[in-house]
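Per-entry structural report
So the chains spell out like this:
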Amino acid sequence: PAPPPARHLFSDPAEIDALRRNLLAWYDRCKRDLPWRTLAAAEPDADRRGYAVWVSEIMLQQTQVATVIDYYTRWMQKWPTLQALAQASLEEVNQLWAGLGYYSRGKRLQEAARKVVSELAGQMPRTAEDLRELLPGVGRYTAGAIASISYGQATGVVDGNVIRVLCRLRCIGADSSSPAVIDRLWDMANVLVDRSRPGDFNQALMELGATVCVPKSPLCRECPVKQHCQAWRRKLFGKALPVPDVEDCGVGDCPLCPPATEPWDSSLGVTNFPRKAAKKPPRALRTATCVLERRGCHGAPEYLIVQRPSSGLLAGLWEFPSLPLAQGLQEEKEREELADHLQAWMGQPVAAAGLQFIGEVTHIFSHIHQTYVVYSLHLDGDVTLDPALSPSRWVTQDEFQASAVPTAMKKV
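Residues numbered from 1 in each chain as written. Predicted model: local features only at pLDDT ≥ 70, side-chain atom pairs only at ≥ 80, totals over all residues. Heavy atoms only, no water.

Take E302: it is sitting in strand 2 (residues 301–307). Classification of E302 as buried rests on a relative accessible area of 13%. Note: C-alpha distance between E302 and F400 (98 residues apart in sequence) is 9.1 Å. (Helix = DSSP H or I, 4+ residues; strand = E, 2+ residues; numbered from the N terminus. Buried < 20%, exposed > 50% of the residue type's maximum accessible area, 1.4 Å probe, protein only.)

Put into structure tokens, the structure is as follows:
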């Protein structure tokens, strides 16, 4: 492919220095007070600081800051060090993680903690390259964040916020999820990162995207780097910047310009950028779920929960007995299939007519639109569960709420 014209790159040392100064000065004045920043700033031990940053970065993947704060605080109180986390059980990790989503993150975090303790003498890797190579679940972004914030490595980071900021700063209108554009953005982030304050600079760039350069209705007039932003200047002047190589852009051979089929839309302003490929619609799935209830030994109702497989969606979490359904089944057929499934669990016949339909619960995963068809069944007398099946147990309502159950099951 043709190389990108210079107008898309940061190559002027004076401009780079000015952008660094303006962004860091704004960050020092305006950064949010977040628990992981406070903890990392106060921690003199580099490895403990690295662990504190690592946990926050894993939790923040695909999850909003407001949601993460409480989970992070409870996690660090329970497991303040890598060594403490390595000694925890997966059940404990899943229990604390329940409701945060993307449950494999917690599992990989604990696996990596155990690896650091057992294979790396308890010492965190200190470069982005080693972090990626040695720790399961640590990708390019997380490695760069830990290495720059905790260990001062002058390496850039690229996450969703940084993609948005850089695409607007340099009018990058090609598909921002494509590997070629992502590689160029990483090159750009590594050029820009401040060598003396790499961690603060990377956090400032992400903070800018999270609080000012937001997807919709960005606060451009409050932006500390708007004078460096080509999208902002184009919005002001209504045309591309009059730089010498502008003729080379927008004619179909620039790999970073918007495609000719999607030209600049003056009504969108800076939100012309970034451009993303259209998302695939989520898969629609239906699952029959039964809340089996019995009277416990103390008179309080108890409910049967079973453990999901150790891999795949919601791995290792607990749920009510559930059965995936084929699309288009009639309710009578759904009941029959669920009754057969329950019979396997209980070792005794289950009458489909005895299943009481309660309603439907919808839960949206990142790539799945899941509908749970909820039934209930009250059991008289004791039931012996087949030990050859998945782990299962009877729980009270309070025990259910304290177990490692996904948000969807709490909705049920």
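We now examine the side chain of S322. Considering the arrangement of structural elements, one finds S322 in strand 4 (residues 322–325). Judged by its relative accessible area of 14%, S322 falls in the buried class. Here F320 takes part through its backbone oxygen, which lies 2.7 Å from a polar atom of the side chain of S322. Ignoring sequence-local partners within four residues, the contact set of S322 consists of T287, A288, T289, H341 and M409. (Polar contact = N/O pair within 3.5 Å; in protein donor to acceptor, adjacent residues only side chain to side chain. Contact = heavy atoms within 4.5 Å.)

Taken N-terminus to C-terminus, the directions of helix 6 (residues 90–97) and helix 7 (residues 104–119) make an angle of 140°; their axes are 9 Å apart at the nearest point. Relative to helix 7, the element helix 6 lies oblique. Considering the relative orientation of helix 6 and helix 7, their crossing is right-handed. When helix 6 is examined against helix 7, the residues L90, V93 and W97 are found in contact with a partner set consisting of R105, G106, K107, L109 and Q110. (Axes fitted to C-alpha atoms, helices over the stretch in contact; angles between N-to-C directions. Parallel < 35°, antiparallel > 145°, perpendicular 65-115°, else oblique. Left-handed = near helix turned anticlockwise from the far one by under 90°.)

The positions that UniProt labels "domain: HhH-GPD" (unreviewed entry) are, in the present scheme, residues 59–211. Between the first and last C-alpha atoms of residues 59–211 the distance is 19 Å; the span itself is 67% helix and 0% strand. (UniProt positions renumbered as here; feature names shortened; annotations may be inferred.)

Let us look at helix 10 (residues 160–169). Burial analysis of helix 10 places nine of its ten residues in the buried class, which makes it a mostly covered element. Along helix 10, the residues that are buried comprise N161, V162, I163, R164, V165, L166, C167, R168 and L169. For helix 10, the N-terminal cap is D159; the gap from its side-chain oxygen to the backbone nitrogen of N161 is 3.1 Å. Directly beyond the C-terminal end of helix 10, a positive phi value near 50° is found at C171.

So, about the pattern of salt bridges. Tallying each qualifying case throughout the model produces 17 salt bridges. Two residues, R32 and E207, come together in a salt bridge whose shortest N-O distance is 2.9 Å. Taken together, the residues R32 in the loop between helix 1 (13–30) and helix 2 (35–42) and E207 in helix 12 (residues 198–211) connect sequence positions 175 residues apart. Note that R275 is salt-bridged to E262, the shortest N-O span being 3.5 Å. Pair noted here: R275 is in the loop between helix 13 (230–237) and strand 1 (283–295) and E262 is in the loop between helix 13 and strand 1, with a separation of 13 residues, a long-range link. Salt bridges sharing common partners tie together D28, R197 and D200. (Salt bridge = Lys/Arg side-chain N within 4 Å of Asp/Glu carboxyl O.)

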